[in-house]
Amino acid sequence: MLQTAFNGFVTGIIVTLPALAITLLFGVLKFPNFAVGAMMTLAAYLVFALNVQLGWPLVVATAVAAVAFGGFLIMVDYLTFKPLRERGSITLMVASLGLGFVLENIARLGYGNTARSFAIELARPFRFLDIRMNREQMIIIGVSTLAMVAMYVLLTRMPIGRAMRAVSDNPALALVRGIESPRIIRWTWFIAGMLLAIGGVLIGMDRALEPPMGSSYLIAVFAAAILGGLGSPLGAFVGALIIGIVSELSTLVIPPNYRIGIPLCVIALILVFRPQGLFGQPYIRK
Amino acid sequence: MSDILTVSGLHAGYGAGDILKGIDAALPEGKIITVIGPNGSGKSTLIKTLAGLLPVRQGEIVLAGARLNEMSAPKRVMAGMSYVPQEYNVFRNLTVLENLQIAREFMSGGRAPKKNGKVIDDELLALFPELPGKFRALAGNLSGGQRQMLAFACALTVEPKVLMLDEPSAGLSPKYMADIFATVQQVNARGVSIFMIEQNATEALRISDTCLVMANGRVRLCAAAGEVLGMQDLHSLYLGDAREQAALV
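What counts and what doesn't
- Residues numbered from 1 in each chain as written.
- Chains lettered and ligands numbered in written order.
- Predicted model: local features only at pLDDT ≥ 70, side-chain atom pairs only at ≥ 80, totals over all residues.
- Heavy atoms only, no water.
- Core = buried A, V, L, I, M, F, W, Y, C linked by side-chain atoms within 4.5 Å.
- Buried < 20%, exposed > 50% of the residue type's maximum accessible area, 1.4 Å probe, protein only.
- Helix = DSSP H or I, 4+ residues; strand = E, 2+ residues; numbered from the N terminus.
- Domains from an automatic or database assignment.
- Contact = heavy atoms within 4.5 Å.
- Salt bridge = Lys/Arg side-chain N within 4 Å of Asp/Glu carboxyl O.
- pLDDT = per-residue confidence, 0-100.
- Buried area = accessible area lost by both parts, 1.4 Å probe.
- Polar contact = N/O pair within 3.5 Å; in protein donor to acceptor, adjacent residues only side chain to side chain.
- Nonpolar A, V, L, I, M, F, W, Y, C, P; charged D, E, K, R; others polar.

A.B. asks: Got a minute to help me understand the nonpolar core in this structure?
C.D. replies: Inside soluble globular proteins, nonpolar side chains tend to come together where they are buried. Core analysis: the biggest nonpolar cluster contains 126 residues, and Leu5 and Phe195 of chain B have the highest contact counts within it. Among the elements that line this core, the one with the most residues is helix H1 (residues 2-29) of chain A, at 14 residues. Lining this core are residues from two domains, each supplying at least three of them: domain 1 (1-75 + 161-249) and domain 2 (81-159) of chain B. Setting aside chain neighbours within four positions, we find phenylalanine 195 of chain B in contact with Leu5, Leu27, Ile33, Val35, Leu46, Ile47, Leu50, Val162, Leu163, Met164 and Leu165 of chain B. Residues Val119, Cys154, Leu165 and Met177 of chain B belong to the second largest nonpolar core, which totals 41 residues.

Structure, rendered in structure tokens:
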């Protein structure tokens with residue numbers, strides 16, 4: 001039970017970074033980006049190229065790839081979403097579905113369907129309070145926690161983070177408070193790109209690198225963001241942990257194959273009983 | 001006295017038709033101009049066009065010699081036009097302090113340094129005595145009057161040339177209404193020119209220099225505020241004359 005809860009905690013904490021990326025993008029751009037899974041996959045393969053093919057240490061490869069991928073997403077936005085910005089959120093959502101197919105298949109084209117892994121040394125797992133933890137899991141917890149703290153500081157203590165929250169709160173008011181939205185949109189993509197790249201690496205460490213690795217997390221990521229309240233960064237964090245732990249604990253009572261149904265049930269329940277999520281604000285139509 | 005803001009032949013609107021059909025107006029430096037008129041006369045469209053939230057289709061907006069037509073809303077703020085919208089005029093999910101910080105950081109284009117390390121200077125804060133105790137509160141949890149005061153304070157952090165107010169007294173209790181108009185007067189005394197839309201014509205005109213009466217997207221009358229206040233048919237000016245409206249439809 002304790003071991004299962006711990007495994008769920010790790011799954012949840014992996015989901016926090018992409019859930020935060022979705023919630024930031026949704027807050028500023030007002031559409032659900034279904035390409036996040038494929039984005040994580042592509043970023044993970046970029047890290048694989050630097051780490052395994054060029055022999056860079058994983059930390060350096062991840063840091064470089066995170067910055068590069070942030071820049072790449074600004075370009076993707078410029079080519080894909082910017083021309084459609086005035087068409088409304090449904091159009092943007094459909095475009096993101098298409099973009100997801102394209103990005104995932106770029107990874108497939110380059111590296112095929114074979115599962116691969118990063119060049120990291122194997123280490124013996126250790127035990128604490130009867131829970132078996134391996135080194136990858138400790139790295140996942142450490143890196144995610146650091147990234148969440150950095151995001152908290154960015155969103156509450158830095159002008160650009162405050163501006164992102166302001167645009168997500170009230171875009172029209174942001175304009176007359178002097179906030180240039182194109183600049184904020186670029187920053188949001190850049191930061192989301194970094195989060196997704198790190199998230200992709202963590203998934204690759206926890207399991208293996210294969211083209212559907214990112215999209216297999218898509219439902220859990222959306223469930224986490226919706227449960228927490230789309231647009232609420234704190235919600236994304238809490239939502240991800242709840243989804244991870246509940247999904248994993250469910251395997252104690254239902255066959256593990258049906259675990260994927262748990263996030264779907266959570267989405268359905270939340271949409272019926274509390275559409276704004278745990279930490280979100282009720283949507284006010286202006 | 002020179003005009004700080006001039007509007008000439010302004011056309012603007014939503015969709016196919018124009019709502020503003022050739023507005024001419026001028027705001028002399030250091031004065032208060034109040035725009036009144038019946039619902040649907042184009043008052044809010046006018047202020048949104050001035051703020052840069054709606055594009056100018058024809059005509060010109062000039063602030064202190066600079067043409068604003070092509071400037072985005074944020075650029076107009078940096079040029080010296082501060083706008084307080086009627087509703088949703090604070091970031092509800094941000095704290096009072098964060099609202100003020102954003103105003104200071106972005107409305108000046110990053111040029112306004114903190115005064116003595118403070119996000120809002122004491123002289124300005126003195127106009128809004130209720131705010132300092134609420135710095136950590138979420139702006140969405142303030143009362144309507146407090147929100148209006150916060151919106152004012154945000155708009156003033158960068159010492160604008162013109163402050164534009166869209167119905168500042170709408171939905172407020174009588175106590176706050178008096179406070180709001182007193183604050184408008186105090187702000188004006190600091191040298192800020194004010195362009196205000198108000199339904200509460202009598203109160204607003206008492207503190208104004210000029211009154212602009214709008215109807216059907218045009219300026220129906222432009223006169224000294226005191227003169228309009230003395231008119232017998234003041235009510236029909238801002239409520240609209242039913243027969244006239246019917247004839248136009």
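Here the narrative resumes.
A.B. asks: When you look at the pattern of salt bridges in this model, what are you seeing that I'm missing?
C.D. replies: Working definition: two side chains of opposite charge can pair if their charged atoms are close together. A full pass over the atoms with the stated rule returns 13 salt bridges over all chains. Put simply, arginine 162 of chain A and glutamate 105 of chain B hold a salt bridge, and the shortest N to O gap is 2.5 Å. Of this pair, arginine 162 of chain A sits in helix H6 (residues 159-169) while glutamate 105 of chain B sits in helix H3 (residues 96-107), on two different chains. Judged by its relative accessible area of 5%, arginine 162 of chain A is buried.

A.B. asks: Would you take a moment to explain the confidence of the model for chain A for this structure?
C.D. replies: Predicted coordinates in regions of low pLDDT should not be interpreted in detail. Model confidence for chain A is summarised by a mean pLDDT of 89, while 98% of its residues fall at 70 or above. Per-element mean pLDDT across chain A ranges from 78 in strand E1 (residues 126-128) of chain A up to 94 in helix H3 (residues 58-81) of chain A.

A.B. asks: Looking at this model, I keep getting lost on the domain arrangement of chain B. Mind explaining?
C.D. replies: Interfaces are often sized by the accessible area lost when the parts come together. Residues and elements named next belong to chain B. Examined at the domain level, chain B breaks down into domain 1 (1-75 + 161-249) and domain 2 (81-159). If you average the C-alpha positions of domain 1 and of domain 2, the two centres end up 23 Å apart. At the interface, 27 residues of domain 1 touch 21 residues of domain 2. Of the roughly 2,000 Å² buried where domain 1 meets domain 2, counting both sides, 67% is carbon and sulfur surface.

A.B. asks: Explain the interface of chain A and chain B to me, please; I cannot follow it from the model alone.
C.D. replies: Tallying the contact residues gives 21 residues for chain A and 26 residues for chain B. In total, about 2,200 Å² of surface goes out of reach between chain A and chain B, with carbon and sulfur atoms giving 61% of it. The largest contributions to the chain A side of the interface with chain B come from Arg162, Val176 and Arg177 of chain A, which together make up 34% of the buried area. Taken together, the connections running from chain A to chain B amount to three salt bridges. Linking lysine 75 of chain B and glutamate 180 of chain A is a salt bridge whose minimum nitrogen-to-oxygen distance equals 2.8 Å. On the surface where chain A and chain B come into contact, there are eight residue pairs in polar contact (both at pLDDT 80 or more). Looking at the side of chain A that touches chain B, the elements that each hand over two or more residues are H6 and helix H7 (171-176) of chain A. If one sorts the elements of the side of chain A that touches chain B by residue count, H6 of chain A sits on top with six residues. Considered class by class, the residues forming the side of chain A that touches chain B number ten nonpolar, four polar and seven charged.

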